[in-house]
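Chains, contacts and geometry: an overview
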Amino acid sequence: MNDNNILAVILAGGKSKRFGEDKNLAKLGSKSLIEHVIDKVREKFKKILIIANKDIKIKQSEDVVIIPDHIEGNLGPLVGVLTAMKWAKITKENYKWIATFPSDTPFFDISIVEQYKKKIISNNSSLYFVRSGEKRHNIFGLWSLELINILEEDIKKNFRKVETWANKIGLELIEIDIKQDDAFLNINTKDDLEKAENKLKLIK
């Protein structure tokens, strides 16, 4: 499969209300949260698109492009997904899918991308989310660009929650058997960051 079939997208446009400041820039060890995610995604993708509505102080480069939501107002991740789809459509690459990753979940296993590739070949759905145990991870998703028009229309109708929209559209789950309960630990608060710091020490 051509690598250009999938565009890697990091969604970093949240307001970080519970964290009290832009959590993308919060330090976890020697790197910011978003740098941890970027470094993981780089293992599998040649190009990364970051959707961010603030200056995340990451230099744009040949492999990292940063753009804001195409609709102002921090209206949620669905707008970020639509923004990424629109960007993918105007590039000269042959993107057919986008793979989304949250900017605040530093310990996920990037090997899930291999599962994504298998799902594209099987072609059973236009939308896939990851599930570990009983929890569905709605931002770890594989989205067909064929969804762009219906997504845009539904956003105009005030759809905002990823879970609600995905249930309306229909999706398939990618079951991930993980040994570590905190592999999908996302950093919403300072307490979460402290947990992540403790986990990082154990990894080292």
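Here the structure is shown first, and the text comes after it.
Read on for a plain summary of the structure.

What counts and what doesn't
Within each chain, residues carry numbers counting from 1 in the order of the written sequence. In keeping with the predicted nature of the model, local features appear solely for residues at pLDDT of at least 70, side-chain atom pairs appear and are counted solely at 80 or more, and the whole-chain, interface and lining totals rest on all residues. Each side-chain value is worked out from all heavy atoms of the structure, with water and hydrogens disregarded. To sort residues, take the accessible area from a 1.4 Å probe on protein chains only and compare it with the maximum for the residue type: under 20% means buried, over 50% means exposed, and anything in between is partly exposed. We count a stretch as a helix when DSSP gives it H or I for four or more residues in a row; a strand needs E for two or more, and each element gets its number in order from the N terminus. Pairs of strands are assigned from DSSP output, requiring at least two bridges between the strands. Fitted lines through C-alpha atoms give the axes, limited to the stretch in contact for helices. The angle between two N-to-C directions lies from 0 to 180 degrees. Pairs of residues are marked as contacts when any of their non-hydrogen atoms sit within 4.5 Å.

Further remarks concern the pairing of strand 1 (residues 6-11). Burial within strand 1 is extensive, with six of its six residues counted as buried. In strand 1, alternate side chains face the same way, and those of Ile 6, Ala 8 and Ile 10 on one face and Leu 7, Val 9 and Leu 11 on the other are all buried. Summarising the sheet, strand 1 and strand 6 (residues 97-102) pair through six bridges and their orientation is parallel. For Val 9, the partnering residue across the bridge sits in strand 6 and is Thr 100.

Judged by pairing direction, the sheet is mixed, and its seven strands sit side by side in the order 5-4-1-6-8-7-9 without closing on themselves. Edge positions in the open sheet fall to strand 5 (64-67) and strand 9 (172-175), since each of these has one partner strand only. On average, each strand axis in the sheet is tilted by 30° relative to the strand beside it, whichever way the strands run. In terms of strand pairing, strand 7 (residues 127-132) meets strand 9 through four bridges, oriented parallel. Among the inter-strand pairings, Tyr 128 is bridged to a residue of strand 9, identified as Glu 172. Contacting strand 1, strand 4 (48-51), strand 5, strand 6 and strand 8 (135-144), helix 2 (residues 77-90) runs over the sheet at an angle of about 145° to strand 1.

Located in the positive-phi region is Asn 123, a residue other than glycine, with phi close to 55°. Mapped onto the secondary structure, Asn 123 falls in the loop between helix 3 (112-122) and strand 7. Judged by its relative accessible area of 55%, Asn 123 falls in the exposed class. Although it is not a glycine, Asn 158 sits at a positive phi angle of roughly 75°. Relative to the assigned elements, Asn 158 resides in the loop between helix 4 (148-156) and helix 5 (162-169).

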